[in-house]
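# Structural description and commentary
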Amino acid sequence: MDPITNPFAPGAGTPPPELAGRDELREEIRIALERLRRNLPTKSVLMVGLRGVGKTVLLDRMRDDAEGVGIQTLRIEAPEARSLPALLAPQLRQALLRLSRNAKAKELAQRALRGLAGFAKALKVKYADIEVGFDFEPEPGLADNGDLEHDLQDLLETVGEAAKSAGSALVMFIDELQYVSEDQLAALITALHRCAQRRLPVTLVGAGLPQLRGRMGNAKSYAERLFDFPEIGPLLDSAARIAISKPVEVQGMKIDDNALDRILAETHCYPYFLQEWGKHAWDAADASPISLADVEQASTTAVAALDESFFHVRFDRLTPLEKRYLRAMAELGAGPHRSGDIADQLGREVTNLAPTRGQLISKGMIWSPSHGDTSFTVPLFDEYMRRIIPGDGWKQS
Ligand SMILES: Nc1ncnc2c1ncn2[C@@H]1O[C@H](COP(=O)(O)OP(=O)(O)O)[C@@H](O)[C@H]1O
Ligand SMILES: [Mg+2]
């Protein structure tokens, strides 16, 4: 069918034509944020899940939901290389400038902007990547100790007071939180904890790979109590059907039931894969309805497209030994796997491979669901590894 009207949208962070199966979670966040605005206790929320399950698009949608009801938001994505204060400062400034336009919040928002100036100046020594415009001179003693844990707490408190005076709330939407270092996470947790104790309307809605939960616990042992960690996974069958059929129907087309069944089976209902299969099945079909034969044809091109994009970008960043480690894991199946079993595959000692495993964890390729276990962070990555490195030549080296 016409590729121009193809509704499907595979791609990291690309909004889907139908955000299926996430209404409950959106509603939970809506309630939490509304409670926050009314100064009632709520927990910050960190959504954890593998790559491609739809965390980023959900975070963006939640942000739109919040802005739609007049809540102040900021949105950042933690890259591997930048510090949290450097990412936060300019976004906080924008939010405070918006708040300062509200007559009731003006004074406190300006005080928070002074706090931000002090914060940036004092922390510049340690976090050289902080770049933020100054609207006011710092207020001596406000968020300017040069110690992140203390200053971030001070700063978010003044931001919270400003948001409260406006009858609003400030919600920080932060993606890829697993890349933030543990000391910076610790500072963020302390600051949020303080705001919660003082019933100030500041909170975090974050997303990250599954290791985030453990990293938060390492950073502050009480983090597990302070946050909710909803797991974002593949869609339920019913939602996966809607993710495919609804966009097709919106375009005035149809898809056969057995074709839909096949898409669900091939994709295991992972959102990224659903988009890829939907797109290729649409393109394969000559006319509505999309048939099983069209999906069969699409499976070949969809897998090729995933290999080229979704899987490949991750594979490309690996050293030869990291690739062999992942290939050994893949030999054992989807996982999780014991470190000892992986080492056996390579004929090496566990301790000998520990640095490689550690590198793969910090690159976000694998994670440890429990002590001594290792899993992939990308669904179906084991199948990809067996496709890209076939045979057993990888065993020797
Ligand atoms: N609930 C959903 N229903 C249908 N498609 C979805 C859904 N959530 C995400 N997608 C699609 O899945 C892909 C990956 O989404 P993304 O948010 O980047 O995942 P993650 O951040 O978890 O890696 C995108 O193409 C997006 O359009
Ligand atoms: Mg993402």
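All figures in this text were calculated on a predicted structure; none of them were measured in a lab.

### Details of helix α16 (residues 381-388)
- Taken together, the buried positions of α16 are occupied by F381, D382, Y384 and M385. Considered in projection along α16, the buried side chains sweep an arc of 160 degrees and stay on one side of the axis.
- The inward-facing, buried residues of α16 contact α12 (292-315), α13 (320-331) and β8 (373-376).

### Some remarks on empty space enclosed by the protein
- Counted according to the given criterion, the structure contains one cavity of 30 Å³ or more.
- If you trace the largest cavity, you find it lined by I29, A32, L33, L36, T42, K43, S44, V45, T203, L204 and V205.
- Counting only elements with at least two residues in the lining of the largest cavity, the list comes to α1 (23-37), β1 (44-48) and β4 (202-208).
- The dominant element in the lining of the largest cavity, judged by the number of residues it contributes, is α1, at four residues.
- Grouping the constituent residues of the lining of the largest cavity by class yields seven nonpolar, three polar and one charged.

### Describing the side chain of D151
- Take D151: it is sitting in helix α5 (residues 148-165).
- Lacking a salt bridge, the buried D151 has K126 as its closest oppositely charged neighbour, with an N-O distance of 10.0 Å.
- In terms of polar contacts, D151 uses its side chain to reach the side chain of H150, at 3.0 Å.

### Quick notes on the nonpolar core
- Core analysis: the biggest nonpolar cluster contains 73 residues, and M47, F273, I290, F311, L326 and F381 have the highest contact counts within it.
- For this core, the element with the most residues is α12, which contributes seven residues.
- Discounting chain neighbours no more than four positions away, the residues touching F311 are F273, L306, V378, P379, L380, F381, Y384 and R387.
- Ranked by size, the runner-up nonpolar core spans 58 residues in total, among them A112, I130, M216 and F227.

### Examining the pattern of salt bridges
- The tally for this structure, following the rule as stated, stands at 27 salt bridges.
- In this structure, R93 and D135 form a salt bridge, with 2.7 Å as the shortest nitrogen-oxygen distance. Placement of R93 in helix α3 (residues 84-100) and of D135 in the loop between α4 (106-123) and α5 is noted, with a sequence separation of 42 residues between them.
- R93 sits in the partly exposed class, given a relative accessible area of 22%.
- Between R111 and E139 there is a salt bridge, and its shortest N-O distance comes to 3.1 Å. With a gap of 28 residues between them, R111 in helix α4 and E139 in the loop between α4 and α5 connect regions that are remote in the sequence.
- The partly exposed category is assigned to R111, whose relative accessible area is 26%.
- When its relative accessible area of 23% is taken as the criterion, E139 is described as partly exposed.
- Where salt bridges share partners, they join E157, E161, R194 and R198 into one cluster.

Definitions and limits used
- Residues numbered from 1 in each chain as written.
- Chains lettered and ligands numbered in written order.
- Predicted model: local features only at pLDDT ≥ 70, side-chain atom pairs only at ≥ 80, totals over all residues.
- Heavy atoms only, no water.
- Buried < 20%, exposed > 50% of the residue type's maximum accessible area, 1.4 Å probe, protein only.
- Helix = DSSP H or I, 4+ residues; strand = E, 2+ residues; numbered from the N terminus.
- Arc of directions from axis to C-beta.
- Contact = heavy atoms within 4.5 Å.
- 1 Å grid on protein atoms, 1.4 Å probe; cavity = no way out; pocket = protein on both sides within 12 Å on 5 of 7 lines; lining within 4 Å.
- Points joined across faces, edges and corners; volume = space filled by probe spheres on them.
- Nonpolar A, V, L, I, M, F, W, Y, C, P; charged D, E, K, R; others polar.
- Lys, Arg positive; Asp, Glu negative; His and termini not counted.
- Salt bridge = Lys/Arg side-chain N within 4 Å of Asp/Glu carboxyl O.
- Polar contact = N/O pair within 3.5 Å; in protein donor to acceptor, adjacent residues only side chain to side chain.
- Core = buried A, V, L, I, M, F, W, Y, C linked by side-chain atoms within 4.5 Å.

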